[in-house]
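# Inside the fold
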Amino acid sequence: MDLRSTLNLPDADFTIPMKAGLPTLEPKILAEWEAQAIYHRIQEARKDAPTFVLHDGPPYTNSPIHIGTALNKILKDFVVKSRTMMGFRAPYVPGYDNHGLPIEQAAMKKFQEKKVVPSILELRKACRAHAAEYIGIQSEQFQRLGVFGLWELPYTTMDFRFEAEIIRTFKRLVEGGYVYKGLRPTLWSPTSRTALADTEIVYREHTSVAIYVRFALQSDPNQIFSKFPHLYTVIWTTTPWTIPANLAVAFHPEMEYAIVKVGAEHYLILDALVEKTAAAVGWTDYQVVERFDGITVDGAAFKHPIFDRPSIAVMADYVTTEDGTGVVHTAPSHGRDDFFTGKKYGLPVPNTVNERGVLTEEAGEFAGVYYKDCDKVVVERLRELGALLSAQPYTHSYPYAERDEQPVIFRATEQWFVAIDHEGLRDRMLANISLVELESFVKGAHGEGHHAQGVSWIPENGYNRIEAMVRNRPDWCISRQRPWGVGIPIFYGRESREPVLDPLAIEMVAELVEREGSDAWFERDAASILPPGYVHPVTGETEFDKETDVLDVWFDSGSTSLCVLEGNVHAEWQEPWPADLYLEGSDQHRGWFNSSLILGTAIRGVPPYKQVVTHGFVNDEKGQKMSKRLGNVMEPLDVCNQFGADVLRYWVCSVDWTNDVPCGPNLLKQFGENYRAVRNTLRFLLANLYDFRKELAPEQLLDLDEWAVEQADLLAADCADAYERYDFGKVLSSIHNFCAVELSRFYLDAVKDRMYCDGKDWPSRRSGQAACYHVLVRLVKLLAPILPFTAEETWARIPGSSGTVHFQTFDPPTAERLDAIEESELQKRFAAILGQRGEAFTVFEQWKQSPEGTKDSQDADLRISQSGEVMGLLKSFDSEELAILFKASSVELVEGEPAYAYSPSGFAKCERSRLRRADVQEVEIEGTMVPLTARDRRAVGL
């Protein structure tokens, strides 16, 4: 008799393959999902369920996706799939940002390669075509990652109807009185030739030329300083290019200033900064001869160090004791504080620097000089005139444009703004974003009712970031001097230049754009847009010109919740407003979260989100930023082709994505090994179900099997709670530990003898199969949001399964079930076994090195000495169970101090099960004497 043929060995053909082959398998599953219209079928199946809305933050369609956008989309997919399996209808409308500088630059590059200078309309059409191309590319790439969504109808900000809704959002702000045009110093990009908002700025280490410049006293109406001949004040600045625009020097009215005598000259600077200034300019022999309060200087004037004009003394409370001299160089054209101080004192705002960063005629002798070259030209001129006391390199944090990574300047220009303090908007935003602990959302109806009182920020330090951004931000500059974007729908009276802030006129533009797209604003003249006979509501004019600026792209993206969730663009997009969740990178506290908050609060009174989850950025394995120059870039599609999307998703789930995370070939290989450990557990469970159907399960499971079912139920409860909290790492670590510890090292090890060697239809084997089935179904469902391809592959092979696993729900155990498990005797009994088992195995590892030791614990007898409750729990198992659970030939229990002792077994080894047992007997099989246990003899019919 071939004894092996009598065993119930796992069926390798029935289960999933050991080698996943994900790069080949996943595209096949994707094709099946597409053929089945799986996303729409899921939405239909959940049509009557409560809704959970994750509103997508739109990536730019200017290039293929990168590992950072893959991280973001995979995290969102974890949310959507897990909420779906919690029983929600969780629609996902992916979005794309189509306007703005990155796309314009990409389109312009193609014209430059052809040496063609396009018209505005030609460039706009090229931008639209470029964006459309990458909508298709990115959509295909995101789907390759296993992301479900409305991919055939994503929202796009260049959709005609979407552009019209952006204009209507602007109209609603106008109706609320939030929009104004004004001359203000704004952050300006000389390379892109446009104003920028604070949200488009990053701060980097930058080396400037820091100069100390003296200004001679020109007039002293109060004759306070007449006894100090040759009196100067001294300013310190890191922007020599702003010296030609200087109109004032600012003193703090309440701080004490000193007259410092240096040779025959006197200098007026802040008393607290005398030593620091002296060291910087090289004064070695100096003396403080008198002190004054800053207010004393009010009304005096000093001579501009280059030009023949006064630089008046002004009072300002922003003067500090930290840097410089305590006297602040003031150029109203080139600084926010400077501008408002100049306004207070009635100073002009000269246009000394043009849009290209070149000094104008108003800069006098420096006209035509590029602003950066002033570090040499202006500094040298100051030196020639004897006004320069010191010029040294100075490294500090400086604003750069995020998009082109070039330094920016402050430049006063006419721009359109959203007034942040109009109607208490800032205070309302601060109240709206107050921190609400995640716990209140988990316990409540998933955030319902919380949005008006606050937001759940995850991680919680996100609240500190957004609060500081809102509290300190200036008015929002929403105009850009670029050709590609949604034109600002403002008409001007041709003669008066008075803007038309008329909602009726703006709606006419919206209707035009809805029909023909935003290009129509640039193609049509004002007369063909406005109704015949339209009259300026303020001036009475009938002839008009159009605004040439476009809206800031953050206005586009900040409008998305209003256009998608509550707008009338496409019915398939519409969902309850505000969204349950926004999930983006941590940089969006100053970006999308901020602009969305402004528009949501101004127009709807509350934020457009109830919860906000943020993640970090992706670096290489050494913690360096990824760049093509360093050759450390990981392309998501390359990862999918080498490892599979499920391994990439495993990586996303495993790292602490709330902070910056590392990624690289070695890490992905490691996570591939971890993935295989989970896969092998699924494979083993499934392989033992080849002849199982649910109806074959016995009414009462054996204790070990019931314990395994209870453990799987506890796992399901823990994972469902972790999914609720967006703690995806805990989900995966709990599953991985369950597979490695409870299953592989204990349950599967303990049950396989029964599964392989008991009779095929014995209740004992069917009990084990029923437990494996329950555990497998639990695992596959819990893994489905994270490893959708592997879960689908496994689900298709589970006996009795149908459809897709993504139609399923987690079905976590009820509170009553959890209470029953926690109080169950099984948990106490098996906790005792697991504790004793670990200690016994440690002793065995030492004993097997002894002269009498055996390599396999199955060839040894175990003597356990215990007392009290532990002994009682161990005695609740029969001797055969203990031998199986401790992987020993036999287990003897004795009262006494805790101890474990092994000795070689004296029992014969069963030829079929390879166990040593007291009931092993030799029986004749086909003329050969074969040792078999009583169980094995019965199993083979002897």
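The shown structure was predicted, so the numbers you read here are calculated from the model rather than taken from an experiment. (Residues numbered from 1 in each chain as written. Predicted model: local features only at pLDDT ≥ 70, side-chain atom pairs only at ≥ 80, totals over all residues. Heavy atoms only, no water.)

### Quick word on the overall build of the protein
A tally of regular secondary structure across the protein gives 30 helices and 31 strands. Taken over C-alpha atoms, the radius of gyration comes to 37 Å for the protein, far larger than the 30 Å a tight globule of 942 residues would show. Each principal axis of the C-alpha distribution contributes one length, and for the protein these read about 125 × 75 × 55 Å. A total of 942 residues make up the protein; the buried ones form 57% of that total. Of the contacts formed within the protein by residues at least 6 apart in sequence, a portion of 77% connects residues at least 24 apart. Accessible area for the protein stands at about 38200 Å²; split by element, carbon and sulfur atoms hold 49% of it. Taking the average place of the 99 positive charges on the side chains of the protein and the average place of its 136 negative ones, the gap between the two points comes to 4 Å. (Helix = DSSP H or I, 4+ residues; strand = E, 2+ residues; numbered from the N terminus. Rg over C-alpha atoms; globule rule 2.2 N^0.38 Å. Buried < 20%, exposed > 50% of the residue type's maximum accessible area, 1.4 Å probe, protein only. Contact = heavy atoms within 4.5 Å. Areas by Shrake-Rupley, 256 points an atom, 1.4 Å probe, with all protein chains shown as cover. Lys, Arg positive; Asp, Glu negative; His and termini not counted. Charge placed at Lys NZ, Arg CZ, Asp CG, Glu CD.)

### A look at the sheet that holds strand 24 (residues 609-615)
Strand order across the open sheet formed by three strands is 16-24-23, with parallel pairing between neighbours. Of all strands in the sheet, those bounded by a partner on one side alone are strand 16 (456-458) and strand 23 (579-585). Shown here is a sheet whose adjacent strand axes are inclined to one another by a mean of 15°, direction ignored. Sheet analysis places strand 23 next to strand 24, joined by six bridges and oriented parallel. Bridged to Glu584 within strand 24 is Thr614. Its contacts with the sheet put helix 3 (residues 67-85) on strand 23 and strand 24, and the angle it makes with strand 23 is roughly 155°. (Pairing = 2+ DSSP bridges. Axes fitted to C-alpha atoms, helices over the stretch in contact; angles between N-to-C directions.)

### Considerations on the pairing of strand 6 (residues 231-237)
The buried count for strand 6 comes to six of seven residues, which makes it a mostly enclosed element. Strand direction decides the pairing type here: strand 5 (residues 201-219) and strand 6, joined by six bridges, are antiparallel. Across the sheet, residue Phe215 finds its bridge partner in strand 6, namely Thr233. In this sheet, strand 9 (residues 265-270) lies alongside strand 6 in parallel orientation, the contact comprising three bridges. Counterpart to Thr233 in the pairing with strand 9 is Leu268.

### Details of a negative patch on the surface
On the surface, Glu254, Glu256, Asp293, Asp317 and Asp337 cluster together into a negatively charged patch. With respect to the secondary-structure elements, Asp337 resides in helix 8 (residues 336-344). (Patch = residues over 30% accessible without salt bridge, like charges linked within 9 Å, V, L, I, M, F, W, Y side chains within 5 Å. Salt bridge = Lys/Arg side-chain N within 4 Å of Asp/Glu carboxyl O.)

### Re unusual backbone geometry
Looking along the chain, the bond that leaves Ile458 and enters Pro459 is cis, with omega of -5°. By secondary structure assignment, the location of Pro459 is in the loop between strand 16 and helix 12 (461-472). Here the residue pair Trp577 and Pro578 is connected by a cis peptide bond, since its omega of 5° sits within 30 degrees of zero. For Pro578, the location among the structural elements is in the loop between helix 17 (560-564) and strand 23. In this structure, Glu405 takes a positive phi of about 60° despite not being glycine. Structurally, Glu405 is set in the loop between strand 14 (388-401) and strand 15 (409-418). Here Glu405 falls in the partly exposed class, since its relative accessible area comes to 41%. Positive phi is not limited to glycine here, since Tyr726 has a value of about 60°. Tracing the sequence through the fold places Tyr726 in the loop between helix 22 (703-724) and helix 23 (728-757).

### Overview of the nonpolar core
Of all hydrophobic cores here, the largest spans 214 residues; its most connected members are Phe170, Trp476, Phe491, Trp651, Tyr747 and Leu779. With 15 residues, the top contributor of residues to this core is helix 23. Residues within four places of Trp651 in sequence aside, it is in contact with Ile67, Leu71, Val618, Val661, Pro662, Cys663, Leu668 and Phe671. By size, the runner-up hydrophobic cluster in this structure holds 52 residues, among which are Phe292, Leu359, Ala363 and Tyr400. (Core = buried A, V, L, I, M, F, W, Y, C linked by side-chain atoms within 4.5 Å.)

### Notes on the sheet that holds strand 27 (residues 860-866)
Taken in spatial order, the three strands make up an open sheet running 28-27-29, and their pairing is mixed. Both edges of this open sheet fall to strand 28 (890-895) and strand 29 (899-904), since each of them pairs with a single strand only. The sheet shows a mean angle of 20° between the axes of neighbouring strands, taken without regard to direction. Pairing analysis gives six bridges linking strand 27 to strand 28, with the strands arranged parallel. Opposite Gln866, over in strand 28, you have Glu895 as the bridge partner. Sheet strands in contact with helix 27 (residues 825-847) are strand 27 and strand 29, and its direction is about 50° off that of strand 29. Contacts from helix 28 (residues 868-875) reach strand 27 and strand 28, with the element oriented near 145° to strand 28.

### Points about the packing of aromatic side chains
Inspection of every chain in the model, using the stated rule, returns 42 aromatic pairs. Geometrically, the ring pair formed by Phe844 and Trp847 is tilted, given 5.9 Å between the ring centres and 45° between the ring planes. With Phe844 and Trp847 both in helix 27, this residue pair falls three residues apart, about one helical turn. For Phe844, a relative accessible area of 6% translates into the label buried. With a relative accessible area of 11%, Trp847 lands in the buried category. Ring-pair connections join several aromatic residues into one group, and the members of that group are Phe78, Trp657, Tyr723, Phe728 and Phe810. A cation over a ring is seen here: Arg83 above Phe52, with NZ or CZ 4.5 Å from the ring centre. Directly above the ring of Tyr232 sits Arg214, whose terminal nitrogen or CZ lies 4.1 Å from the centroid. (Phe/Tyr/Trp six-rings, centres within 6.5 Å; stacked < 30°, edge-to-face > 60°. Lys NZ or Arg CZ within 6 Å of the ring centre and 35° of its normal.)

### Brief notes about the packing of helix 23 against helix 24 (residues 763-783)
Running from N to C, helix 23 and helix 24 cross one another at 165°; their axes reach a closest spacing of 12 Å. Of the possible angle classes, the one that applies to helix 23 and helix 24 is roughly antiparallel. Read as a crossing pair, helix 23 and helix 24 show a hand that is left-handed. On helix 24, the residues that touch Val731, Leu732, Ile735, Phe738, Cys739, Leu743, Tyr747, Leu748, Val751, Arg754 and Met755 of helix 23 are Ser764, Arg765, Ser767, Gly768, Gln769, Ala771, Cys772, Val775, Leu779, Leu782 and Leu783. Looking at the contact of helix 23 with helix 24 residue by residue, the class counts come to 16 nonpolar, four polar and two charged. (Parallel < 35°, antiparallel > 145°, perpendicular 65-115°, else oblique. Left-handed = near helix turned anticlockwise from the far one by under 90°. Nonpolar A, V, L, I, M, F, W, Y, C, P; charged D, E, K, R; others polar.)

### Things to note about the side chain of Ser767
Its place among the elements puts Ser767 in helix 24. Within the structure, Ser767 has its side chain in polar contact with the backbone nitrogen of Leu702 (distance 2.9 Å). With residues up to four places along the chain from it excluded, the contact list for Ser767 reads Pro698, Leu701, Leu702, Asp705 and Arg754. (Polar contact = N/O pair within 3.5 Å; in protein donor to acceptor, adjacent residues only side chain to side chain.)

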